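# Fold and geometry: a report
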Amino acid sequence: MNIFDQMLAPYKAQTAADHSNALHEVMQQITLAGLQRGGFFNKAAFYGGTCLRIFHGLNRFSEDMDFSLLRADDTFSIAHYSEAVENEFKALGRSVIIEKKETKKRSNIESAFLKEDTSVYNLRFTSESQIKIKLEVDLHPPGQFSTEQKLSLLPFSFMTRCYSLPDLYAGKMHALLFRNWKTRVKGRDWYDFEWYVRNNTPLNFNHLYQRVVESSSVDKEPLTRENFVPLLKHKISKTNMDAVKADLRPFIKNLAEMDIWSVEYFTQLADRIQFVE
């Protein structure tokens, strides 16, 4: 069994959706290996739901990969690490390309798409030709965060610089409260929120505050520890939980996990939030 198949084997995919999710995650791990070999984590750190999934055992799949520079740098380009990522896949008998996603307006988030070159794939990948992974790099990171090194053993042993859990939590709560989608909700945000509370993770409010200030998310009054929970409860009260569950279903295997989900359930979770002292 080659390393790529060895990485896929533990997922024991039973359905096409399971197989697609497993492929996504294996590709994500190989991408991290390529970035590490290229020196990317000397300048940046991994955060977001995929980081939580890969390094902390979050029981849901995640599509995108989010990174943050350690210090602001307008000249940074992920293109400097493309060759290292491509070579990592090539060493495993696969081929990928990284393409810059052009945006109409300037953003602090640099995006790229990592997608498989299906012309060099084994036949069993022909039905997975649409798989792609979006990479986002925050060029102007908000302050008050810390990082730690997390170990991976495949495709070789290497370390990935990641945000610490309290700071990952802060990033998630910022997204949950202030994600600017008019009608759509992201069930994965709510799943992760539940995970942090269940695991007694303290929230780094200082980092959350920095994120709010940087994105100008609050117009009327400054965010404080005192008004944070009431603001969250207001958000919960206005959220369509059926839509939350519908968004999450493709990313978890045990749908019964959501049976208890309701406005009242998440309101009580909000009361259990702990803060870093």
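Now for a description of the structure that goes with this document. (Residues numbered from 1 in each chain as written. Predicted model: local features only at pLDDT ≥ 70, side-chain atom pairs only at ≥ 80, totals over all residues. Heavy atoms only, no water.)

When you go through the protein residue by residue, the secondary structure sums to ten helices and nine strands. Within the protein, the fraction of its 277 residues that count as buried is 50%. Sequence separation of at least 24 residues holds for 70% of the intrachain contacts in the protein that already meet a minimum separation of 6. For the protein, the exposed area adds up to about 14000 Å²; of that, 47% sits on carbon and sulfur atoms. (Helix = DSSP H or I, 4+ residues; strand = E, 2+ residues; numbered from the N terminus. Buried < 20%, exposed > 50% of the residue type's maximum accessible area, 1.4 Å probe, protein only. Contact = heavy atoms within 4.5 Å. Areas by Shrake-Rupley, 256 points an atom, 1.4 Å probe, with all protein chains shown as cover.)

What follows concerns the nonpolar core. Formed by 79 residues in total, the largest nonpolar core has its most connected members in Phe46, Phe67, Phe193, Phe228 and Leu232. Residues in contact with Leu232, not counting those within four places in the same chain, are Met173, Leu176, Leu177, Phe193, Ala270 and Ile273. (Core = buried A, V, L, I, M, F, W, Y, C linked by side-chain atoms within 4.5 Å.)

This part covers the packing of aromatic side chains. Throughout the structure, instances matching the rule amount to 22 aromatic pairs. With centroids separated by 6.1 Å and ring planes inclined at 25 degrees, the aromatic side chains of Phe193 and Phe266 adopt a geometry described as stacked. One end of the pair, Phe193, is in helix H6 (residues 187-198); the other, Phe266, is in helix H10 (residues 263-270), and 73 residues separate them in sequence. Overall, Phe193 belongs to the buried group, its relative accessible area being 0%. (Phe/Tyr/Trp six-rings, centres within 6.5 Å; stacked < 30°, edge-to-face > 60°.)

Tracing the chain through its elements places Ser157 in the loop between strand E6 (147-152) and strand E7 (158-163). Counting along the chain gives 124 residues from Ser157 to Ala33, while the straight-line C-alpha distance between them is 8.7 Å.

At a minimum axis separation of 10 Å, helix H5 (residues 165-178) and helix H8 (residues 225-237) run at an interaxial angle of 50 degrees. On the basis of the axis angle, H5 is oblique to H8. Crossing handedness for the pair H5 and H8: left-handed. Side by side, H5 and H8 meet where Met173, Leu176, Leu177 and Phe178 of the first sit next to Phe228, Leu231, Leu232 and Lys235 of the second. Of the residues belonging to the contact of H5 with H8, the class tally is seven nonpolar, no polar and one charged. (Axes fitted to C-alpha atoms, helices over the stretch in contact; angles between N-to-C directions. Parallel < 35°, antiparallel > 145°, perpendicular 65-115°, else oblique. Left-handed = near helix turned anticlockwise from the far one by under 90°. Nonpolar A, V, L, I, M, F, W, Y, C, P; charged D, E, K, R; others polar.)

According to the stated counting rule, one finds ten salt bridges in the structure shown. The shortest N-O distance in the salt bridge between Arg53 and Glu25 comes to 2.7 Å. With Arg53 in helix H3 (residues 49-56) and Glu25 in helix H2 (residues 16-37), the pair connects residues that are 28 residues apart, well separated along the chain. Across the pair, exposure class does not vary: Arg53 and Glu25 are buried alike. Salt-bridge contacts for Glu63 lead to Arg188; the nearest nitrogen and oxygen are separated by 3.2 Å. Of this pair, Glu63 sits in the loop between H3 and strand E2 (65-69) while Arg188 is found in helix H6, placing the two residues 125 residues apart along the sequence. Judged by relative accessible area, Glu63 falls into the partly exposed class, the value being 35%. Among the charged side chains, a salt-bridge network with shared partners connects Arg60, Lys172, Asp189 and Asp192. (Salt bridge = Lys/Arg side-chain N within 4 Å of Asp/Glu carboxyl O.)

Of the strand pairs in this sheet, E6 and E7 are connected by six bridges, and their pairing is antiparallel. Looking at the pairing, Ser152 lines up with Phe158 of E7. Where E6 folds back on E7, the antiparallel hairpin that results is connected by five residues. (Pairing = 2+ DSSP bridges.)

A few words on the environment of Tyr169. Counting through the fold element by element, Tyr169 comes out in helix H5. A residue is classified by how much of its surface remains accessible, and Tyr169, at 0% relative accessible area, is buried. For Tyr169 and Val197, which are 28 residues apart along the polypeptide, the C-alpha to C-alpha distance reads 9.6 Å. Discounting residues that sit within four places of it in the chain, Tyr169 has contacts with Phe193, Tyr196, Val197, Thr201, Pro202, Leu203 and Ile273.

Taking 1.5 Å per residue, twelve residues should reach 16 Å; H6 reaches 17 Å between its end C-alpha atoms and fits that length. With eleven of its twelve residues buried, H6 lies for the most part within the structure. Those residues of H6 that are buried lie in contact with H3, H5, H8, helix H9 (241-248) and H10. Immediately downstream of H6, the backbone of Asn200 shows phi near 55 degrees, a positive value. (Expected span 1.5 Å × (residues − 1).)

Spatial relationships are all this shows, so hold off on functional conclusions.
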